[in-house]
Structure formats: structure tokens, C-alpha cells
Amino acid sequence: MIKINSFGYDVASFLYIQEKDHKYNDFLKFIFSNLHLRPEGIFYDDGNFESRNCEIQESDVNVLIETLAESKSEIFKALSYDILHTQTRKNEHAYFAAENYLSFLSNNDNYDLSIISLFCKRIIVICSKDKDVFNDILMSLNKYVYTLIKKNKIDDLIAYNILSKNKYMTKGEHSLFARKFYKNALLLCSGITLALDNEIDDFRLNGVVQNIKLSFDLSIKLYKKINDAKLINKLHFKSLILFWDLINLLDCKKYSNSYVSCIFFAEQSIKLTPKNLLRTNNFNIAHFEFEIQKMKSILIDAQEPIELDMSNIKNNIECAVSNTKSYHQALLLMSQYTSNVSHHHINKDDDSLNKLFQQVIITSDGRTSAIGGESNMNAILYYSFHGFVIKIYKMEIYNKYGVDKEHLKEMIQKSINIPEEIKSFVCTGIERWLLDDMISSSFILIPLYEALLRDILKKENISTQTNNNGSQDEKSLSGLINSELEMKNIINQNLIIEMKELMIVKTGSNIRNKISHALIRDDEIHSSLYDFLCWRWLTILTESFNLKQK
């Protein structure tokens with residue numbers, strides 16, 4: 001049995017030397033001891049990774065050549081000529097090595113696939129140095145590999161893995177394997193209905209889905225090698241249709257992992273498919289996005305809720321609010337909550353959160369998602385928790401004091417943080433929030449973040465406009481918050497992080513987009529995230545929060 005280790009293939013344990021004259025045995029053992037073979041070449045290993053070159057004395061080379069003349073072992077000849085080729089760099093030795101490797105394989109195709117693959121790749125590496133000299137060997141190897149495919153000794157993927165080592169691989173060969181991989185994707189897909197009838201489990205079905213995607217990716221990769229853009233686009237569209245059909249076929253609860261994979265792959269495919277191709281094939285993009293949104297919502301609803309014991313926090317808040325002497329003091333108490341907490345508490349590398357939320361991240365419009373990608377869910381959880389605590393403060397203050405509109409108005413008029421031109425809007429927004437009118441407060445206060453940011457930047461003589469075909473337009477929130485602004489270190493970094501994570505990042509809650517385009521759902525607006533964003537205005541008003549970076 002051949003030994004496989006980190007160094008490569010142990011030649012000595014593989015080689016069976018059938019020589020009658022025993023006077024060569026010690027010499028041959030000396031030659032092949034600690035000798036290893038990889039596709040890139042033969043080398044010795046003496047425990048030192050820096051000394052891997054195959055180097056033997058000139059006298060040993062002569063003895064080896066004499067030994068070869070008497071040997072009938074194809075593998076012994078192949079390995080020996082390979083050593084000689086490595087030592088002398090002569091084409092004749094390389095040719096004999098490749099020829100004997102191929103002859104050995106042709107007569108011994110029952111060996112382990114790893115051995116067959118190794119020798120095939122070694123032949124290609126040797127022969128690729130000079131196509132004219134070794135062309136007949138390369139052609140014979142191709143025929144041998146295709147014969148193995150016909151005999152079902154190897155599959156298309158292994159065959160391509162072998163033949164792709166040849167830098168002279170033709171466009172026709174790339175195209176052939178591209179078609180094979182595409183057909184494999186269709187074959188796998190055609191078997192899913194039968195697999196579902198046979199009650200296949202979700203784990204194995206997801207493996208089939210992943211292999212379908214792999215087959216498409218391999219086919220597209222090969223068409224890219226030959227610059228066939230038309231077929232690349234066609235395959236993106238076909239993969240979209242295939243995964244879309246699978247989504248409609250699968251039971252999302254029974255096959256949740258497979259379902260998620262199909263959604264992710266379908267969304268990838270539609271992004272890569274040219275819009276004109278979708279229109280030509282009468283593919284309804286809006287319907288696709290709407291249905292994908294519904295499907296992801298079903299997946300979200302199927303998840304078990306996270307239960308938090310908030311009783312101690314609630315009791316502490318009740319006690320703190322009851323001890324306040326005035327409405328003003330109560331508002332200050334609430335505004336100073338989390339004054340010692342920053343966005344650095346959001347641990348984006350938290351394994352438990354990543355495992356819990358890595359599959360589906362959703363925006364209500366269905367146009368953006370991240371499945372298995374970098375997640376903003378940790379930030380959403382972080383701010384949702386604090387928003388929930390803030391909501392408890394708000395309820396307790398309302399129960400004790402109600403809402404003192406005149407005092408609130410007086411506070412805002414005296415504020416140096418709130419821009420003069422938006423003070424009346426901020427007053428109304430905070431008042432509606434304290435009354436728990438989340439719809440009015442959110443639609444007033446969230447868009448005002450742009451006005452606040454513009455006011456700060458203008459005071460720093462930083463332009464807030466963009467040139468659009470000769471006309472000056474005000475930048476949106478995402479346009480105002482850029483890498484240049486963050487580097488200038490003008491605005492409190494916590495505020496920038498909050499605006500990015502909660503209002504801008506598409507794989508997060510994307511609140512600004514939902515408010516601006518009326519994509520918000522009635523049930524969603526009562527999320528504690530909206531409480532957090534409205535509460536931030538209170539902290540700015542009371543100066544519990546520094547707008548400028550210290």
C-alpha cells in the first residue's frame with residue numbers, strides 16, 4: 001500500500017522491483033529511500049524542508065541508467081527516468097518517464113484514483129514544457145482520461161482537474177467540460193423530485209443543491225476562460241430559473257437549509273443576469289423580489305424567539321423613575337441611560353450570534369439580503385436590546401408624569417445642539433415619541449438626521465452638496481457619511497456607527513430607506529430600534545451625548 005503524507009507519495013513503499021540480480025537491491029534502496037513524488041516533481045525528504053531537490057551523484061546516475069536497460073518494470077522505469085530528467089533536464093529522459101508512466105497507467109487502471117491522478121498530472125507537467133516534443137504523449141493521455149470517464153472510473157470533475165494542468169488545453173476542451181458540468185447540474189436537479197418522494201433528509205438534499213450550484217459555477221468558470229460572454233449570461237439565467245423552480249417545489253419548513261440555499265443562489269443569479277436578458281425572457285423581476293421577500297419572512301417567522309428575562313431591569317427602572325422629583329429630572333435620567341456604553345460592545349465575531357443569524361438577514365422590501373455572508377445582525381440585536389430598555393423608561397415616565405409639552409418645548413428652544421430651522425420638527429417628533437406614537441415620531445425624527453448632519457458639516461466648512469449634471473443637489477445620508485468624514489474625526493463615532501448600522505447598511509435594518517420609500521410595515525415600526533433612534537434625539541437635546549468627537 002502506498003503511503004501518503006505531508007511530503008507527497010512515498011515512492012519506495014509503492015515501488016515493487018522485480019529484478020533477479022540482487023546486487024542492485026542495496027543501491028536501489030539507497031536511490032529510492034525517502035524519495036517523494038508530487039505533480040510538480042520528485043524530491044528527497046530528510047526532515048529538512050529546505051532540501052527537497054532530487055540530487056544524486058553522477059556515478060549513481062550512470063548506474064541507474066545501466067539498471068534501467070535491464071529492467072522490465074514500467075513504473076520503475078518511469079520513476080527512474082523521472083529522476084534522471086530531474087537531474088539532467090534532458091528531453092529524452094522526460095519523454096521516457098512520461099511514456100512509461102502512461103504505459104503503466106494503461107495497464108493498471110484499477111489503482112486508487114489518487115495514484116492515477118498523480119501520475120497523470122506528473123505526465124502533463126513533464127510534457128507541458130515543450131508541446132511539439134511531447135504532443136503525442138499529451139494526446140495519448142487525453143484519450144486515456146476520456147476512456148476512464150467512459151468506463152466510469154473517474155467523474156468529469158476529476159478528469160478536468162487532471163487535464164486542466166495542461167497549459168495547452170484547447171478552447172474546445174474547455175467548452176466540452178463546461179457542457180458536461182452544466183448537464184450534471186440538470187441531471188442532479190432532475191433527481192430531486194424522486195428524492196423528495198423517497199423522503200430524503202434536509203442535510204442530504206442541501207448537499208445536492210450545493211452540488212448543483214458547484215456545477216453551474218464550474219461551467220461558468222470555463223466559459224470565462226474562453227471569453228464566451230453569451231453563454232455565461234445564459235447560464236446565469238438558467239441557474240436563476242432552476243433555483244426559482246426548486247424554491248417553489250420545496251417545503252420551507254421541512255427543508256429549511258435547502259430552501260435557504262436556493263433563495264441565496266437565486267438572488268446571486270439574478271444579480272449576475274443582465275436585465276435585458278431577463279426582459280427578453282419575460283422574467284418578472286418585481287414579482288420575484290416580492291415572492292422572495294415573502295419566503296424569507298416565512299423563514300424568519302419559523303425561527304424560535306429569543307427570550308430575555310427583563311424583570312430585574314424593569315424593577316430597577318421603576319425604582320429610578322419613582323425617585324425622580326420632576327419631569328425634567330426623569331427625562332435626564334432616561335437620556336443618560338447607556339452613557340457609559342459605546343458601539344464597541346457590538347462584537348461582530350461573536351460565534352453564537354453568527355451561528356444564530358448567519359442564514360437569513362432580511363429587509364422588508366426584499367431587494368437586499370445576506371445569507372451566510374457578513375452579518376449586521378449583532379448590531380441589530382445590540383440596539384434592539386437597548387431600545388427595549390428605553391421603551392420601559394418611556395412607559396414609566398409617562399405613567400408618572402404624562403408628557404409636559406411646554407417644558408419639552410422650552411428645553412428645545414434653549415438647546416445649542418438642535419439646528420434652529422428644525423427645532424419645531426424635533427419638538428413635535430420627541431413629543432409624539434414620548435406619547436408612544438411611533439408612526440408620527442419615526443417619520444419626523446429619522447429623516448431629520450440628515451439635516452442634523454448637514455448642519456454640523458456646514459459649520460466645519462465641509463460641502464454637503466454634489467454636482468449632478470451642472471446642478472447642485474444635497475447629498476443623502478449615505479452620501480454624507482463616507483470614509484473621508486470618518487477619517488476627519490469630526491462627528492462622534494458612536495453616532496456615525498448608529499446611523500450606518502441602523503439606517504444605511506442594506507444588510508442591516510435599513511431604516512432610512514424604509515421610511516423614505518414607504519416600505520415600512522405597520523408591525524415593524526413598533527420595533528425597539530425605532531425607540532433607540534428617537535431616544536438619541538433626546539440625548540442630543542439634553543447634551544447627555546456629545547455630537548462632536550472628543
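Residues numbered from 1 in each chain as written. Predicted model: local features only at pLDDT ≥ 70, side-chain atom pairs only at ≥ 80, totals over all residues. Heavy atoms only, no water.

> Quick question: what am I supposed to make of the packing of helix H4 (residues 74-88) against helix H5 (residues 91-107) here?
Each pair of packed helices can be described by the angle between their axes along with the distance between the axes. Running from N to C, H4 and H5 cross one another at 155 degrees; their axes reach a closest spacing of 8 Å. In terms of their interaxial angle, H4 and H5 are classed as roughly antiparallel. The handedness of the crossing between H4 and H5 is left-handed. On H5, the residues that touch Glu74, Ile75, Lys77, Ala78, Leu79, Tyr81, Asp82, Leu84, His85 and Thr88 of H4 are His93, Ala94, Phe96, Ala97, Asn100, Tyr101, Ser103, Phe104 and Asn107. (Axes fitted to C-alpha atoms, helices over the stretch in contact; angles between N-to-C directions. Helix = DSSP H or I, 4+ residues; strand = E, 2+ residues; numbered from the N terminus. Parallel < 35°, antiparallel > 145°, perpendicular 65-115°, else oblique. Left-handed = near helix turned anticlockwise from the far one by under 90°. Contact = heavy atoms within 4.5 Å.)

> Please explain the packing of aromatic side chains as it appears in this structure.
Both the distance between ring centres and the angle between the ring planes are used here to describe each pair of aromatic rings. Going through the model one piece at a time under the given rule, you end up with 22 aromatic pairs. Here Tyr160 and Phe177 contribute two aromatic rings whose centre-to-centre distance is 5.5 Å and whose plane-to-plane angle is 55 degrees, an arrangement assigned as tilted. A residue pair is termed long-range when its members are at least 10 positions apart, and Tyr160 in helix H8 (residues 156-163) and Phe177 in helix H9 (residues 171-190) qualify at 17 residues. Overall, Tyr160 belongs to the buried group, its relative accessible area being 8%. Consider the rings of Tyr337 and Tyr393, whose centres lie 5.8 Å apart with planes at 45 degrees: the pair is tilted. Taken together, the residues span a long stretch of sequence, with Tyr337 in the loop between helix H17 (327-335) and helix H18 (351-357) and Tyr393 in helix H19 (residues 377-401) at a distance of 56 residues. Note on accessibility: Tyr337 and Tyr393 belong to one class, buried. Taken together, Tyr182, Phe216, Phe243, Phe264 and Phe265 form an aromatic cluster joined through their ring pairs. (Phe/Tyr/Trp six-rings, centres within 6.5 Å; stacked < 30°, edge-to-face > 60°. Buried < 20%, exposed > 50% of the residue type's maximum accessible area, 1.4 Å probe, protein only.)

> Where do I start with the side chain of Asn206 in this structure?
With respect to the helices and strands, Asn206 occurs in helix H11 (residues 202-225). Filtering out sequence-adjacent residues up to four positions away, Asn206 remains in contact with Asn257, Ser258 and Ser261.

> What exactly am I supposed to notice about unusual backbone geometry here?
Most peptide bonds are trans, and most residues other than glycine sit at a negative phi. The phi dihedral of Asn152 falls on the positive side, at around 60 degrees, and the residue is not glycine. The backbone phi angle of Glu199 is positive, close to 60 degrees, even though this residue is not glycine. You can see Glu199 is positioned in the loop between helix H10 (192-197) and H11.

> I keep staring at H17 and nothing clicks. Help me out?
Side chains that are three or four residues apart share a direction in an α-helix, a result of its 3.6 residues per turn. By the burial criterion, the buried members of H17 are Tyr327, Ala330, Leu331, Met334 and Ser335. Angularly, the buried residues of H17 cover 135 degrees about the axis, an arc narrow enough to put them on a single face. (Arc of directions from axis to C-beta.)

> Looking at this model, I keep getting lost on H9. Mind explaining?
For H9, which comprises 20 residues, the first-to-last C-alpha distance of 29 Å matches the rise-based estimate of 28 Å (1.5 Å per residue) to within 8%. Among all positions in H9, only Glu173, His174, Ser175, Phe177, Ala178, Phe181, Tyr182, Ala185 and Cys189 are buried. Packing partners of the buried residues in H9 comprise helix H7 (131-150), H8, H10, H11 and helix H12 (229-249). (Expected span 1.5 Å × (residues − 1).)

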